[in-house]
Amino acid sequence: MTTTANPVYVALDTPDVKTALAIAKAVAPHVGGLKVGLEFTMANGPEGIKAIVALGKPVFLDVKLHDIPTTVAGAVKALVGLGVSIINVHTAGGQAMMRAAKDAAGDKAKIIGVTVLTSLDDSDMDLIGYAEGATMQALRLAHLARASGLDGVVCGATDLTGVRAACGPDFLTVVPGSRPLGADVNDQKRFMTPDAARKAGADILILGRPVTAAADPAAAARAVAASLGL
Ligand code: C5P
């Protein structure tokens, strides 16, 4: 199960299993799922991921795979065995890579595509060589992800309206980097409040530091849920 009544997934961005488990247990009553990313995965590997899955919440494995199709398919096959609900790949890996990831997952996990990182804005895109800007590029890649059979995309809150219009109501939209009013924006550049992102059509909201770096992560998660009327 990936979409729950509570759309909030907390990003457990720490290399330490004990810290991740403590935060996960504290926030569990107030969130719909948990996200494990590269920082945690590189430090703790499959055993660490299994420890998070064992808590019983849906787990989004945010490892942003990007390689040739055969390599990505092999990685996905290994990862679905860990019991995670969602795995992501970079849409910039192309159609064949996305199809290979989806085939390898079967019905064991959803595969979603990263469009444009929410830490990038138009001037960053220009430097990379994408002249169209972040929103247009995200839209193009979301469309390609849908055409390649993926279940959804990771996109910025500001890309949601276009992604929904291009990809339809059943395409899973996962939005990281939303910020409660008054919270530190950190390195995020294209963000909204959780409530605004939800109203703009996000199915899943990923929150990291506004919850995990709070003095009381459980209270912070509860406040986010309350801001969504939950
Ligand atoms: O701490 P913060 O709320 O900014 O955490 C956002 C999380 O979402 C991080 O784990 C980051 O890796 C992830 N993410 C992102 N932008 C994307 C995809 C994932 O910020 N496009």
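The following refers to the structure shown. Everything numeric here is computed off the predicted structure, so don't read it as measured data.

1. Some details on the nonpolar core
Alright, step 1. Residues Leu12, Ile52, Val76, Ile87 and Val89 are the most contacted members of the largest nonpolar core, which totals 56 residues.
Alright, step 2. If one sorts the elements of this core by residue count, helix α4 (residues 95–105) sits on top with 6 residues.
Alright, step 3. Setting aside anything within four residues of it in sequence, one finds valine 89 in contact with Lys64, Leu65, Val72, Met97, Met98, Ala101, Ile111, Ile112, Gly113, Val114 and Leu150.
Alright, step 4. Ranked by size, the runner-up nonpolar core spans 11 residues in total, among them Phe60, Ile112, Ile204 and Ile206.

2. Some remarks on the site of the ligand
Alright, step 1. Around the ligand there are 16 residues in total, and Asp13, Lys35, Arg179, Gly208 and Arg209 lie nearest to it.
Alright, step 2. A distance of 2.6 Å separates an oxygen atom of the ligand from a polar side-chain atom of aspartate 13.
Alright, step 3. Within the backbone of glycine 208, a nitrogen or oxygen atom sits 2.8 Å from an oxygen atom of the ligand.
Alright, step 4. Out of a free accessible area of 470 Å², the ligand has 87% covered by protein chains.
Alright, step 5. Counting only elements with at least two residues in the shell around the ligand, the list comes to β3 (59–65), β8 (204–207) and α9 (209–212).
Alright, step 6. In the shell around the ligand, the residues fall into 7 nonpolar, 3 polar and 6 charged.

Cut-offs and rules
Residues numbered from 1 in each chain as written. Predicted model: local features only at pLDDT ≥ 70, side-chain atom pairs only at ≥ 80, totals over all residues. Heavy atoms only, no water. Core = buried A, V, L, I, M, F, W, Y, C linked by side-chain atoms within 4.5 Å. Buried < 20%, exposed > 50% of the residue type's maximum accessible area, 1.4 Å probe, protein only. Helix = DSSP H or I, 4+ residues; strand = E, 2+ residues; numbered from the N terminus. Contact = heavy atoms within 4.5 Å. Near = heavy atom within 4 Å. Polar contact = N/O pair within 3.5 Å; in protein donor to acceptor, adjacent residues only side chain to side chain. Areas by Shrake-Rupley, 256 points an atom, 1.4 Å probe, with all protein chains shown as cover. Nonpolar A, V, L, I, M, F, W, Y, C, P; charged D, E, K, R; others polar.

Read these as geometric descriptors, not functional statements.
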